[in-house]
Every structure is written in C-alpha cells, then in structure tokens.
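Architecture and fold: a report
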Amino acid sequence: MSHTPTPTATDHVTRAEARVLDAIDEDALVDTLVTMIQIPSVTGTDAESYIQSWQARHLAEIGFDVDYWKLDLDSLAAHPDFPGTEAPRMEGYGVVGVLGSTELPALILQGHIDVVPTGDLNNWEDHNPWSGIIKNNAVHGRGACDMKAGVAANLAVARALVDSGVKLERPFAVHSVISEEDGGLGAFATMLRGHIGEAAVITEPTSGKVVVANAGSLTFELRVHGLATHGSTRLAGQSAFEKFLPIYAAIVDLERVRNVHRDPLFKGNPMPCPISIGIIRAGDWVSSVPDLLVAEGRLGVLLDEELSAARSAFEQTVANACKQDPWLNDHPVTVTWQGGIFASGRIDLAHPLVQEITDAIRTVENRNVSLGAAPHGSDLRLYAGIGGIPTLHYGPGDVRLAHGPREQVDIIELIRTTRSLALLAARRCGAYL
Ligand SMILES: [Zn+2]
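In this text the structure is predicted, and so the values were computed from the model without any measurement.

Turning our attention to the layout of surface pockets. There is about 1100 Å³ of room inside the largest pocket. If you go around the largest pocket, you meet 32 residues; those closest to its centre are Glu86, Glu181, Ser217, Arg298 and His403. Of all the secondary structure elements, the ones that give two or more residues to the lining of the largest pocket are β10 (216-225), β11 (275-282), β12 (292-301) and β13 (334-342). If one sorts the elements of the lining of the largest pocket by residue count, β11 sits on top with four residues. Of the residues belonging to the lining of the largest pocket, the class tally is twelve nonpolar, twelve polar and eight charged. Taken as a whole, the second largest pocket spans an internal volume of roughly 290 Å³. As for the second largest pocket, its lining consists of 18 residues, of which Lys209, Ala373, Ala374, Pro375 and Val399 are closest to the centre.

See the structure below:
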C-alpha cells in the first residue's frame, strides 16, 4: 500500500490557480527572453529606451493598462533622495502595466531591462553577447540572468493571468525599469510617480533562494598625489602609485574588519560586504614618476547601516593611513563619493509575502526554499524605502553568472521559477473563475 502525503492547505491548488499555471506559454517565455537579449540595452544607451517601448507595447497587447512615460531627468537629479547614476543618459522611460481595477495592486512583479557592458567579446559564445543562442538547455547572452530572464518571467505571468481567463479580486502589476545597474533611477522615478502596491517581488536572479535583504554599496574615488620627475631620478620624486600602496593595505584591513560579524542571512557567504577597486589610473608617461593616481571602487554597505556611517568609516581609514606617512600627511589623499548610491534594505520576515512565496515554491517546485541576503544593492531599497512596499527578490538564474562572460540562464529553472511566481500572483491577487 502506498502512502500519499496529505496535502497541506498551502499545497492545495484551486481550479483557477491551476488554470493560470496551465496557461503559461513556455515557448513564448523563452522566445521573449531571446528577443530581449538581442536588444543590447546597456544601461544609458538608446537601446535601453527602445526596450522600454517594446515592454510597453507588449503589456498593452496583452491587455494591461499601461503607463509609459518619459522621465524628467533634471527634476529627478535635483531631488534630495536622487539615487545617483554612473552612465551618461540623454533620456529614460518608465513602464508600468496593471491588470484589474484601480485599487492598490496586491502584487507587483518588477524587473530592470538595463544590462552592464559585455567585457571581452572573446569570452562569449560565438563572440556575440547579443545572440540569445540556446545551447545545453540554456539561453546565453548579456542579461540572460541579470535580469532579462526575470523580466521574461514577469511578462509570462502577466500573459498567463489573462490567457487563463481567470478574474482577479485585486489588481496585479508589472513594473519595467531602467538604470538599475547604475543606481536605480528607473525604480526611483517609478516610486515618485506613485506606482506603489501592497507587496513586490523583484525577479533578480537568486540562485534558487528567496532574498529578503540586500547589502548596499557606495562608489568612491580616491586621488593620491605624488611628485613627478624623470624615471631615471625617481628618488627625487614621489610616486603616487607607491603612495597608494599603504592606503590600499588599510582598505583591505577595513574590509576584513567589516566582514567579521556577519548577519545570519549571509550564511555561507565568506565576504558579504566587500570593498573592491574597479578602476585605477596613474601616470601619463612611461619614463615619468606618476604624480597622480586615481582609484575608483565600491564600498559595501552593511545591512541596516546608515550610508553616512559607511562613508565615514572609509574616510577615517584613509585619513588614518595618511597620518602614518610623512608625504601623505602633508598631501592627504582625497575621497569623494559619486555614482550610484545603494542603501541596504530588507523586508520584515513576518510580512505575509515571505510565507506566500515560500508556499508557492513548495507547491510548484516541491522543495523548501531557504531565505538569504544578497551582497549587492538593488532596487529593493527604493521600493521598500521610498515606496514603503514590502519587497523581496525571487527570480531565475545563478547570480554568480551575472555581469560575467558566458552569462546564461537554465531554461528548466526559468520555467520552474516562472510557475512559482504565477502561483504567487494568482493566490495573492485572488484569482477565481
Ligand atoms: Zn540585476
């Protein structure tokens, strides 16, 4: 005699919910992803605007009420909470689609359509990061996992809610935003426009986890001054490069200290709060001693840490290191802050959305999902902070492949995750026949 486990209340799928799951068009999901990868929407480029118009059209065709608007970049930049940008941008657009009445949406699925640059083309499948080629049951290309797979999932859920023929007790919304990669201007503008909701899921890649908190990050620039002379008489000068070395050692030590006490949500992450230098420029002539070194990097912001506290910890470290060196004491290194400003953010674990997404994953994917935190900033802090919307991340893709060469997303995982999101949407928005 075989034992069939008794389904719990949350494992039960109503007829309306089953209809929604059945209505997910898996081929269209993959096709949508491929089409989006073929639009090279690097943050700040014209293609970023183009893909937003494509999103707006797509949602309108499905039958959503769409707000497609041009961002007022000047007034956004003048706002006291402006999140900063890194890429020059001439224009930008917002896209919000809503299905259902004019009440507050019960659920928002959000995704960003901008991607980071490709890096060395030799590292890509067929030297083409924009092919969207399918190999080994995975879709390849820049943005495949961060996060056009998530955006495709959001659209597939939207389409399934309509195609299933169910009615919704409460509205459902899809948000498509720009500029997540360089600060979050799109999410910021969407919140200021008043597109809030009761709860939001950002479908960033989460490697199978539910991400309930984000560390943040700040972008710094260090200017180390030296004294130029001919390389043959270098002892008569001061190399800005050599003077950077003790500063760098102090930064590495600060990084170690800031990662000693880790929030339990970062279990398994040996360094949730890194300080990483991404760009270094020094000197302008091979046989001259460099008189200036400019280093730009990102400072990780701890969960719940004030941005001002993070900045001052870093500035103090640099200032203290300067005091140890006679030249640097007289010519202190300057620290400035520019680019994206990512505060940390989190959802209250007692909010029903946490249990609801966990239940949906258990029902659809037949597994218990673990909760975690992401070491990088995201739009979560803008939705939670400015919008006051309880927000978490759950989406397809292995986050370790984001921003790297050979970025890809597994098709089975994409479909599975989309189904969990669809069940969540059907339940939260009260789908009925
Ligand atoms: Zn992303």
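What follows continues from the structure just given.
Scanning all chains against the criterion turns up six aromatic pairs. Plain terms: the ring middles of Tyr68 and Tyr93 are 5.4 Å apart, the flat faces sit at 25 degrees to each other, and that makes the pair stacked. A residue pair is termed long-range when its members are at least 10 positions apart, and Tyr68 in strand β1 (residues 65-70) and Tyr93 in strand β2 (residues 93-99) qualify at 25 residues. Seen from their ring centres, Phe220 and Trp337 are 6.3 Å apart, and the 85 degrees between their planes marks the pair as edge-to-face. Residue Phe220 is found in strand β10, and its partner Trp337 is found in strand β13; the two are separated by 117 residues along the sequence. Within the aromatic cluster, the residues linked to one another by ring pairs are Phe220, Phe314 and Trp337.

Here we take up the sheet that holds strand β17 (residues 408-410). Taken in spatial order, the three strands of this open sheet run β4-β5-β17, and their pairing is antiparallel. The sheet terminates laterally at β4 (134-135) and β17, the two strands that pair on one side only. Contacts between helix α5 (residues 144-163) and the sheet are confined to β5 (138-140) and β17, with β17 contributing the most and set at about 50 degrees to the helix.

Taken as a whole and assessed by the stated rule, the structure comprises 21 salt bridges. One salt bridge in this structure joins Arg281 and Glu296, with 3.1 Å as the shortest N-O distance. In this pair, Arg281 is assigned in strand β11 and Glu296 in strand β12, connecting sequence segments 15 residues apart. One salt bridge in this structure joins Asp359 and Arg362, with 3.3 Å as the shortest N-O distance. You can see Asp359 and its partner Arg362 sitting in helix α10 (residues 352-365), three residues apart, about one turn around the helix. For Asp359, a relative accessible area of 7% translates into the label buried.

Turning our eyes to something else, we now look at the coordination of the zinc ion. In the first shell of the zinc ion, the protein supplies His112 (NE2), Asp146 (OD), Glu204 (OE) and Glu204 (OE), at 1.9 to 2.7 Å from the metal. If you list the donors of the zinc ion from N- to C-terminus, the spacing comes out as H-x33-D-x57-E. Pair noted here: His112 is in strand β3 (residues 107-112) and Glu204 is in the loop between β8 (200-202) and β9 (210-214), with a separation of 92 residues, a long-range link. Taking relative accessible area as the criterion, His112 reaches 0% and is therefore assigned buried.

Turning our attention to the environment of Thr32. Within the secondary structure layout, Thr32 lies in helix α2 (residues 26-37). Given the relative accessible area of 11%, Thr32 is considered buried. Spatially, the C-alpha atom of Thr32 lies 8.5 Å from that of Leu155, the residues being 123 residues apart in sequence. The residues contacting Thr32, other than those within four sequence positions of it, are Trp54, His58, Ala152 and Leu155.

Looking now at the pairing of β12. Along any regular strand, the residues point their side chains to alternate faces of the sheet. Counting buried residues in β12 gives eight out of ten residues, a clear majority hidden from the surface. The sheet contact formed by β10 and β12 spans ten bridges and is antiparallel. Paired with His225 across the two strands is Leu292, which belongs to β12. In the sheet, β11 pairs with β12 via seven bridges, with the strands oriented antiparallel.

Right, let's get into a negative patch on the surface. On the surface, Asp25, Glu26, Asp27, Asp31 and Asp163 cluster together into a negatively charged patch. Here the negative patch takes three residues from α2, the largest share from any one element. Considering the arrangement of structural elements, one finds Asp25 in the loop between α1 (15-22) and α2. Classification of Asp25 by relative accessible area gives partly exposed; the value is 38%.

What follows concerns the packing of helix α7 (residues 240-258) against helix α8 (residues 307-323). Helix packing geometry: the angle between the two helix axes and the distance between the axes. Following both chains from N to C, one finds α7 and α8 inclined at 140 degrees, their axes separated by 9 Å at the closest point. Our classification of the angle between α7 and α8 gives oblique. The handedness of the crossing between α7 and α8 is right-handed. Contacts from Pro246, Ile247, Ala250, Ile251, Leu254 and Arg258 in α7 reach Ala310, Ala313, Phe314, Thr317, Val318, Ala321 and Cys322 in α8. Considering only residue class, the contact of α7 with α8 consists of eleven nonpolar, one polar and one charged.

Reading the values: the criteria
- Residues numbered from 1 in each chain as written.
- Predicted model: local features only at pLDDT ≥ 70, side-chain atom pairs only at ≥ 80, totals over all residues.
- Heavy atoms only, no water.
- 1 Å grid on protein atoms, 1.4 Å probe; cavity = no way out; pocket = protein on both sides within 12 Å on 5 of 7 lines; lining within 4 Å.
- Points joined across faces, edges and corners; volume = space filled by probe spheres on them.
- Helix = DSSP H or I, 4+ residues; strand = E, 2+ residues; numbered from the N terminus.
- Nonpolar A, V, L, I, M, F, W, Y, C, P; charged D, E, K, R; others polar.
- Phe/Tyr/Trp six-rings, centres within 6.5 Å; stacked < 30°, edge-to-face > 60°.
- Pairing = 2+ DSSP bridges.
- Contact = heavy atoms within 4.5 Å.
- Axes fitted to C-alpha atoms, helices over the stretch in contact; angles between N-to-C directions.
- Salt bridge = Lys/Arg side-chain N within 4 Å of Asp/Glu carboxyl O.
- Buried < 20%, exposed > 50% of the residue type's maximum accessible area, 1.4 Å probe, protein only.
- Donors = N, O, S within 2.8 Å, 3.2 Å for Na, K, Ca; no water.
- Patch = residues over 30% accessible without salt bridge, like charges linked within 9 Å, V, L, I, M, F, W, Y side chains within 5 Å.
- Areas by Shrake-Rupley, 256 points an atom, 1.4 Å probe, with all protein chains shown as cover.
- Lys, Arg positive; Asp, Glu negative; His and termini not counted.
- Charge placed at Lys NZ, Arg CZ, Asp CG, Glu CD.
- Parallel < 35°, antiparallel > 145°, perpendicular 65-115°, else oblique.
- Left-handed = near helix turned anticlockwise from the far one by under 90°.

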